[in-house]
Amino acid sequence: MAALSFLSLVALLLLPALLLLLSIIVRPRPVRIPLKNRHVFITGGSSGIGLALAHRAAAEGARVSILARSQDKLKEAREAIRLATGIDVATFSADVRDFDALRQVAKEAEPVDVLVVNHGVFVAEELAKQELEVVRFIIDVNLIGSFNMIKAFLPAMKARTDRRPASIALMSSQAGQVGIYGYAAYSASKFGLQGLAEALQQEIIADDIHVSLVFPPDTDTPGLVEENKRRPPLTSIIAASSSAMKADEVAEKTLNGIKSGSFIVICNFVGYLLAISTGGISPQRSYVMAFVEVVSAGIVRLACLFFQWSWYSSIENWHSQSKQ
Ligand SMILES: NC(=O)C1=CN([C@@H]2O[C@H](COP(=O)(O)OP(=O)(O)OC[C@H]3O[C@@H](n4cnc5c(N)ncnc54)[C@H](OP(=O)(O)O)[C@@H]3O)[C@@H](O)[C@H]2O)C=CC1
Ligand SMILES: CCCCCCCCCCCCCCCC(=O)[C@@H](N)CO
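Just so it is clear, the model here is predicted, and its values are computed rather than measured.

## Comments concerning the site of ligand 2
Then, number 1: Taken together, the neighbourhood of ligand 2 is formed by 21 residues, with Ser 173, Tyr 183, Tyr 186, Asp 218 and Glu 227 sitting nearest.
Then, number 2: Measuring from a nitrogen atom of ligand 2, one finds a side-chain N or O atom of Glu 227 at 3.1 Å.
Then, number 3: Protein burial of ligand 2: of its 600 Å² of free accessible surface, 96% is covered by the chains.
Then, number 4: When contributions to the shell around ligand 2 are tallied by element, the ones reaching two or more residues are helix 7 (222-228), helix 10 (269-277) and helix 11 (287-323).
Then, number 5: Considering every element that reaches the shell around ligand 2, the biggest residue donor is helix 11, with five residues.

## A short note on the site of ligand 1
Then, number 1: Taken together, 32 residues are adjacent to ligand 1, and Ser 46, Ser 47, Arg 69, Tyr 186 and Thr 221 come closest.
Then, number 2: A distance of 2.8 Å separates an oxygen atom of ligand 1 from a polar atom in the backbone of Thr 219.
Then, number 3: Coverage of ligand 1 by the protein amounts to 95% of the 890 Å² it exposes when considered alone.
Then, number 4: Broken down by secondary-structure element, the contributors of at least two residues to the shell around ligand 1 are helix 2 (48-59), helix 6 (184-204) and helix 7.

## As for the packing of helix 10 against helix 11
Then, number 1: At their nearest, the axes of helix 10 and helix 11 sit 8 Å apart, and the two run at 95° to each other. It follows from the interaxial angle that helix 10 and helix 11 lie roughly perpendicular. Seen from helix 10, the contacting residues are Tyr 272, Leu 273, Ile 276 and Ser 277; seen from helix 11, they are Met 289, Val 292, Glu 293, Ser 296, Ala 297, Val 300 and Cys 304.

## Examining the sheet that holds strand 1 (residues 39-43)
Then, number 1: What the seven strands build is an open sheet, ordered 3-2-1-4-5-6-9; its pairing is parallel. For this open sheet the edge positions go to strand 3 (90-93) and strand 9 (264-266), each flanked by a neighbour on one side alone. The average undirected angle you get between the axes of adjacent strands in this sheet is 20°.
Then, number 2: In terms of strand pairing, strand 6 (residues 209-215) meets strand 9 through three bridges, oriented parallel. Residue pairing for strand 9: Val 214 is matched across the bridge by Val 265.

## Focus: the pairing of strand 5 (residues 166-171)
Then, number 1: For strand 5, a buried count of six out of six residues is recorded, marking the element as mostly surrounded by other parts of the structure.
Then, number 2: Going residue by residue along strand 5, you find Ala 166, Ile 168 and Leu 170 tucked away on one face and Ser 167, Ala 169 and Met 171 tucked away on the opposite face as well.
Then, number 3: Sheet topology note: the strand 4 (residues 114-117)/strand 5 ladder contains four bridges and is parallel. Looking at the pairing, Val 114 lines up with Ser 167 of strand 5.
Then, number 4: Handedness of the crossover joining strand 4 and strand 5 through helix 5 (residues 132-158): right-handed.
Then, number 5: Across six bridges, strand 5 lies against strand 6 in parallel orientation. Its bridge partner being in strand 6, Ser 167 is matched across the sheet by His 210.
Then, number 6: Running through helix 6, the crossover from strand 5 to the neighbouring parallel element strand 6 is right-handed.

## With respect to the layout of surface pockets
Then, number 1: Considering only enclosed or pocket space, the second largest pocket measures out at about 400 Å³ in volume.
Then, number 2: Around the second largest pocket, the lining is made up of 19 residues, and of these Ser 262, Ile 264, Val 265, Ile 266 and Tyr 272 lie nearest the centre.
Then, number 3: Those elements giving two or more residues to the lining of the second largest pocket turn out to be helix 9 (247-259), strand 9, helix 10 and helix 11.
Then, number 4: Across the lining of the second largest pocket, the residue classes break down as nine nonpolar, seven polar and three charged.

## Details of the environment of Glu 110
Then, number 1: When you line up the elements, Glu 110 lands in the loop between helix 4 (99-109) and strand 4.
Then, number 2: Between the C-alpha atom of Glu 110 and that of Met 157, which follows or precedes it by 47 residues, the distance is 8.1 Å.
Then, number 3: When residues no more than four places from it in sequence are discounted, the contact partners of Glu 110 are Ala 152 and Ala 156.

## A word on the pattern of salt bridges
Then, number 1: Counted according to the given criterion, the structure contains 17 salt bridges.
Then, number 2: Glu 79 is the partner of Arg 82 in a salt bridge, and the nearest nitrogen-oxygen pair spans 3.3 Å. Placement of the pair is Arg 82 and Glu 79 together in helix 3 (residues 71-85), with a separation of three residues, close to one helical turn.
Then, number 3: Arg 82 sits in the partly exposed class, given a relative accessible area of 33%.
Then, number 4: Owing to a relative accessible area of 39%, Glu 79 belongs among the partly exposed residues under this scheme.

Rules behind the numbers
- Residues numbered from 1 in each chain as written.
- Chains lettered and ligands numbered in written order.
- Predicted model: local features only at pLDDT ≥ 70, side-chain atom pairs only at ≥ 80, totals over all residues.
- Heavy atoms only, no water.
- Near = heavy atom within 4 Å.
- Polar contact = N/O pair within 3.5 Å; in protein donor to acceptor, adjacent residues only side chain to side chain.
- Areas by Shrake-Rupley, 256 points an atom, 1.4 Å probe, with all protein chains shown as cover.
- Helix = DSSP H or I, 4+ residues; strand = E, 2+ residues; numbered from the N terminus.
- Axes fitted to C-alpha atoms, helices over the stretch in contact; angles between N-to-C directions.
- Parallel < 35°, antiparallel > 145°, perpendicular 65-115°, else oblique.
- Contact = heavy atoms within 4.5 Å.
- Pairing = 2+ DSSP bridges.
- Buried < 20%, exposed > 50% of the residue type's maximum accessible area, 1.4 Å probe, protein only.
- Right-handed = clockwise from strand over helix to strand, strands pointing away.
- 1 Å grid on protein atoms, 1.4 Å probe; cavity = no way out; pocket = protein on both sides within 12 Å on 5 of 7 lines; lining within 4 Å.
- Points joined across faces, edges and corners; volume = space filled by probe spheres on them.
- Nonpolar A, V, L, I, M, F, W, Y, C, P; charged D, E, K, R; others polar.
- Salt bridge = Lys/Arg side-chain N within 4 Å of Asp/Glu carboxyl O.

Structure, rendered in structure tokens:
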């Protein structure tokens, strides 16, 4: 009884003190980034998550531009958005691997207030089977392509005359928080975005530009349909630990994350567990989330170990079955 009341006293005093402390120290400070009447530029905006983002941003009153390689898909996307919202988006055809082409696009499109670096390619395959050419392709498009986009667009974003806060959002994946069977190259390309995002945020905070890093689970898109045709079964089994989402749901989370300046954008329940367990030393603007992280870190680590346990059991079972 005495122990119990002592514990509740500690909780009563310490937890609010912790909350207060966190509300003072969280950095960068909270920010709101308006979308209405601002220029939102989305790579990979002709399909899947990028297309859903373009729809939503247009419906919220932003001026929207989309970039991808295929002219045909861009045209189709433009028509679909016009049909649904009555709004015209600007389209740019370029390969994110071609820096000179991106510089040209940037010149035409500027000024951009919200840059959403969403394009991406994925080929799920065991590394032993995956050609190095495919590995290079994934890293080139997902990681180097993101550098190319930022290098091409950042100078004008820094020099913008609209002094309201601006944003650069990067589309990662939950496979960018934890390495998953079949995703050696893909996970590496997405983990790379985290280092880029953390360093970049420190460099451009003084320009009032705010970085968001988005972590979706499997999302129903044309890209996923293509990937599923040859995905190793173990990739699907492990990825199923996190429930799949619709492209529009991910787009909604992403835009809300951008508007609230969240550094880490969480998409589903498992996303909370992943964000807490990989929080490490990444920036956190919300003192409430910071509080949840500090208080639950240990127990969430335990849950993670259970997930690893179940994944390795699946892998063991798979191998023992395929030997029979
Ligand atoms: N779907 C999913 O399960 C998940 C996806 N993600 C991430 O979300 C993002 C979008 O995925 P999703 O919507 O499924 O993808 P889709 O395959 O449906 O669309 C990809 C988009 O990127 C464009 N793109 C691809 N390569 C290039 C390139 N080299 N240069 C310019 N544009 C390019 C495509 O157009 P085009 O081919 O014409 O160039 C298309 O517009 C990716 O970064 C992906 O990694 C994250 C977690 C889960
Ligand atoms: C307590 C801690 C909880 C840990 C649970 C972790 C669950 C991880 C599931 C990872 C799913 C990865 C999906 C990748 C989707 C993707 O990017 C591809 N479809 C390519 O587009």
